[in-house]
Amino acid sequence: MSVHSSIIREVLQQTDALKAGDLRKHRRVPLSLSGRFMRPDRTEYTCQLKDISVGGAAIRTTDVPEIGERVVVYLEHLGGLEGVVARITSDGFAFAFKVTEHKREKLAAQIMWLVNKDDFPDEVGRLHERIGTRGRRTTLRVEEGVIIDVELLDVSASGASIGTPARPPIGSLVIAGKTRAIVRRHHGHGIGLQFLSLLSPEALRDRFP
């Protein structure tokens, strides 16, 4: 869990650095994802993600755009990322993102999940004692700020099980009650969440009264 927590802190620190305008603080995370990119004339080309941070990414491709050109790169698990080509590399190009604050926050959570998903297969909070809360209600804030009423099935210091017919994408960022979390899995009654930070018993009582 300590390794996971350190990556959470690093990704969130990268988001803070981006808000401060210091792109040099973004350490790229090696990550291989297939995709395609579109140039301004709407032609599309296949590509492969090489590495990524909350500020930009390096792309492998044989079809290289020009420096300063605006591109939209579509990657599996991450969706579309718009940006401007910053430099040409030996095997493709690197581009800087032009995205909203909400998109950056979502991207930070998605990167964290992709980097760690193999270490936590279908496990949500199994390292911490679960507290049964079936019958209690809370709220779940999903994409575009939509808030839905859900059932809090159980909760621990590191995550929660939520009863809901909604199925936000695995890896997406949500807010359960007052707590930011990542959707880790879908199950028969709803979804499993992992919190972005461990909660003390006092924090659990405050955020899930």
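Residues numbered from 1 in each chain as written. Predicted model: local features only at pLDDT ≥ 70, side-chain atom pairs only at ≥ 80, totals over all residues. Heavy atoms only, no water.

Looking only at helices and strands, the protein features three helices and 13 strands. Going through the 209 residues of the protein one by one, you find that 49% of them count as buried. Taking the intrachain contacts of the protein between residues at least 6 apart in sequence as the baseline, contacts between residues at least 24 apart amount to 53%. About 10,500 Å² of surface is accessible on the protein, with carbon and sulfur atoms providing 51% of the total. (Helix = DSSP H or I, 4+ residues; strand = E, 2+ residues; numbered from the N terminus. Buried < 20%, exposed > 50% of the residue type's maximum accessible area, 1.4 Å probe, protein only. Contact = heavy atoms within 4.5 Å. Areas by Shrake-Rupley, 256 points an atom, 1.4 Å probe, with all protein chains shown as cover.)

This part covers the pattern of salt bridges. Tallied over the entire structure, the rule returns seven salt bridges. Linking Arg 39 and Glu 69 is a salt bridge whose minimum nitrogen-to-oxygen distance equals 2.6 Å. Residue Arg 39 is found in the loop between β2 (34-38) and β3 (44-52), and its partner Glu 69 is found in the loop between β4 (56-60) and β5 (70-75); the two are separated by 30 residues along the sequence. Put simply, Arg 104 and Glu 101 hold a salt bridge, and the shortest N to O gap is 2.6 Å. Of this pair, Arg 104 and Glu 101 are both found in helix α2 (residues 101-116), three residues apart, which corresponds to roughly one turn of the helix. A single salt-bridge network, built from bridges that share partners, covers Lys 50, Arg 60 and Asp 91. (Salt bridge = Lys/Arg side-chain N within 4 Å of Asp/Glu carboxyl O.)

So, about the pairing of strand β12 (residues 179-187). Burial runs high along β12: seven of the nine residues are buried. Here strand β11 (residues 173-176) hands over to β12 after two residues, with Gly 177 in that stretch at a positive phi of 65°. Strand direction decides the pairing type here: β12 and strand β13 (residues 190-195), joined by six bridges, are antiparallel. Bridge pairing in β13 links His 186 to Ile 191. Where β12 folds back onto β13 in an antiparallel hairpin, the turn is made up of two residues. (Pairing = 2+ DSSP bridges.)

For Arg 42, which is not glycine, the phi torsion reads 70° and is therefore positive. If you trace the backbone, Arg 42 turns up in the loop between β2 and β3. Of the residues examined, Arg 42 reaches a relative accessible area of 63% and is grouped as exposed.

Time to look at the pairing of β2. On a regular strand, one side chain projects to one face of the sheet and the next to the other, so that they alternate. With five bridges connecting them, β2 and β3 associate as antiparallel partners. Bridging across to β3, Gly 35 finds its partner in Cys 47. In sequence, β2 turns back onto β3 through a hairpin of five residues, with Arg 42 there showing a positive phi of about 70°. As judged from the four bridges shared by β2 and β5, these two strands associate in the antiparallel manner. Bridge pairing links Gly 35 to Leu 75 in β5.

The next thing to look at is the packing of aromatic side chains. Considering all chains together, one arrives at four aromatic pairs under this definition. Judged by centre distance (5.2 Å) and plane angle (75°), the rings of Phe 95 and Phe 97 are edge-to-face. When its relative accessible area of 1% is taken as the criterion, Phe 95 is described as buried. Ring-pair connections join several aromatic residues into one group, and the members of that group are Phe 37, Tyr 45, Phe 93, Phe 95 and Phe 97. (Phe/Tyr/Trp six-rings, centres within 6.5 Å; stacked < 30°, edge-to-face > 60°.)

Moving on: the confidence of the model for the protein. Taken residue by residue, the protein gives an average pLDDT of 80. The fraction at 70 or more is 78%. Segment residues 1-8: pLDDT under 50, and 17 contacts once partners within four positions in sequence are set aside and those in other chains are kept. (pLDDT = per-residue confidence, 0-100.)

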